Amino acid sequence: MLNWLMVLFATLLVFGTVVAYIAAADFANGPYDRELIETTRALGKLAAEQSAAGALRINNDLIRRMARDDGDRMLYKVVDAQGRLIGGEPAIPTPEPTELSAAPQLGDIQIGGVPLRLCTLTVELESNPGSRYLVAQMAETLINRSQLTHQIFVTIAVPQILLTVLASFGLWLGLGSGLAALVRLKEAVLNRAADDLSPVQMDQDTPDEVRPLIEAFNEVLERMRKLLDSQQRFVADAAHQLRTPLAGVKTQAELALRLKDREAVQASLQQVLAGAERGSALINQLLALARHEEGHPRAEMRPVDLNEAARNAATKHVQAAIGKSIDLGFEAFPDPVYARGDPLSIEEMIANVIDNAVRYTREGGRVTSRVLAHSGAGTVVVEDDGPGIPAADRERIFERFYRGLGSAEPGSGLGLAIVAEIARVHGAEVCVDAGAGGCGATFTIRFPAADPHTHPA
Ligand SMILES: Nc1ncnc2c1ncn2[C@@H]1O[C@H](COP(=O)(O)OP(=O)(O)OP(=O)(O)O)[C@@H](O)[C@H]1O
Ligand SMILES: [Mg+2]
């Protein structure tokens, strides 16, 4: 900005100086030219009076008029219509007869390298107007004119230059102090430690214009801090949780190496396999959790039919339910019920809840999932008649790695954390209650009403 303004000021300064010089020369020439014309007229008049004599004698009056102070000199020349010199300085150039006129003509000439201002006029001789005339010329050196031009120029240009320089300086100072806060801010940000995500401090010197920027920047820092925290926690949790299955796999593999009996080796390898499966299930869950966490790119949101999503989720658990003789029921809503979201994520969320219900309900129990709709908003309910969840645990089961006490089932405690993340992304609400009659657990997932305009026809 400063550079641009300086270029603008410099251009204005050059332009202003040139204009000032032209104006000064104009002012200075005016009076001198008028006087030069008067003197030339007097010369013409004198020459006309003496025309009969055929020669010219300059009188005292003209000599007084031609007198100049400060070293300026005046030259004169008079010729007749035929170009014969009547008197004066022959070196003064006389225009061609066709270029002559009765009105005084002004011009600039040089004689012997000295610049002069020249006035030329013609004087008719009364006796025979039109054919007999004299040309009177008067030339003047430029010393006084230059001095006056110079004085006027200095009077105009100096304040102008001073004003421009002062304005530039003021601007430079103003911008400098205005931007100093920004420079300080830049230094503060640059000098931060790489892991320092604390908010940038503002004081009363911070300009109002910069405050919204700092606030926005601090908000980004805060988001980054949360993301970094959650990633650090994720890495720590993942390492911690994977240690257990890996340690089991290692122990069982070492055991298998030492065993001779083929049956025993088989049994150990089964344990190795089970440990590897637990580990890979855990990794899959960790990845699912990471996918839905804040800061990760979102899948495209589109209308999803909850009937279809819940049916698919229930179908995945039919095998497990049969294995435990569980009565796995599904009740669809008579009309399609739409929620905005990613179909695979919504299905994964419902599947995790049904998985828990099937897993924690005793053999021969009952698990029912149903889809409901109320004024455009869809709800999925999964209820079971299992052991239920103690009221004190109902918040905590959504935390990562939290597992209910005394659970004999294998699991890592991530299923409901994933449910909570997917629900957050979709603006859905998940709550847990005791089942009908106080036994079992009921999970309810309420989706926000989907915009009816985005429904397929
Ligand atoms: N339907 C249910 N009935 C009883 N307890 C439940 C039910 N659903 C969840 N829980 C309790 O909540 C805890 C957390 O469930 P979550 O699904 O998050 O983890 P998990 O099932 O233990 O492991 P996984 O990560 O394999 O799903 C479970 O350990 C269990 O104690
Ligand atoms: Mg689970």
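Residues numbered from 1 in each chain as written. Chains lettered and ligands numbered in written order. Predicted model: local features only at pLDDT ≥ 70, side-chain atom pairs only at ≥ 80, totals over all residues. Heavy atoms only, no water.

Caption draft 1: Looking closely at the overall build of the chain. For the chain, the helix and strand inventory stands at 9 helices and 12 strands. Here the chain has a C-alpha radius of gyration of 53 Å; the compact-globule value for 457 residues is 23 Å, and the former is much larger. Structurally, the chain occupies a C-alpha span of about 155 × 60 × 50 Å along its principal axes. In the chain, buried positions account for 36% of the 457 residues. In the chain, once contacts between residues fewer than 6 apart in sequence are set aside, the share between residues at least 24 apart is 65%. Counting only carbon and sulfur atoms, one obtains 58% of the accessible surface of the chain, whose full area is about 27,100 Å². (Helix = DSSP H or I, 4+ residues; strand = E, 2+ residues; numbered from the N terminus. Rg over C-alpha atoms; globule rule 2.2 N^0.38 Å. Buried < 20%, exposed > 50% of the residue type's maximum accessible area, 1.4 Å probe, protein only. Contact = heavy atoms within 4.5 Å. Areas by Shrake-Rupley, 256 points an atom, 1.4 Å probe, with all protein chains shown as cover.)

Caption draft 2: Seen up close, the domain arrangement of the chain. Each domain of the chain was delimited in the assignment, giving domain 1 (2-150), domain 2 (208-292) and domain 3 (302-454). Spacing between the C-alpha centres of domain 1 and domain 2 amounts to 103 Å. (Domains from an automatic or database assignment.)

Caption draft 3: Structural context of the pattern of salt bridges. If you walk through the whole model with that rule in mind, you get 22 salt bridges. Residue Glu383 pairs with Arg370 through a salt bridge whose shortest N-O separation is 3.4 Å. Of this pair, Glu383 sits in strand 10 (residues 377-384) while Arg370 sits in strand 9 (residues 366-374); the two residues are 13 residues apart in sequence, bridging distant segments of the chain. One network of salt bridges, in which partners are shared, links Asp33, Asp108, Arg117, Glu140 and Arg145. (Salt bridge = Lys/Arg side-chain N within 4 Å of Asp/Glu carboxyl O.)

Caption draft 4: Region of interest: the nonpolar core. In terms of nonpolar packing, the biggest core is built from 47 residues, with Leu306, Ile350, Ile397, Phe443 and Phe447 touching the most fellow members. Going through the elements one at a time, helix 4 (211-258), helix 5 (262-292), helix 6 (306-315), helix 8 (343-360), strand 9, strand 10, helix 9 (415-426) and strand 12 (441-446) are the ones with two or more residues in this core. With 8 residues, the single largest contributor to this core is helix 8. Of the residues that make up this core, three or more belong to each of domain 2 (208-292) and domain 3 (302-454). Excluding anything up to four places from it in sequence, Ile397 contacts Ile389, Tyr402, Leu416, Val432 and Phe443. (Core = buried A, V, L, I, M, F, W, Y, C linked by side-chain atoms within 4.5 Å.)

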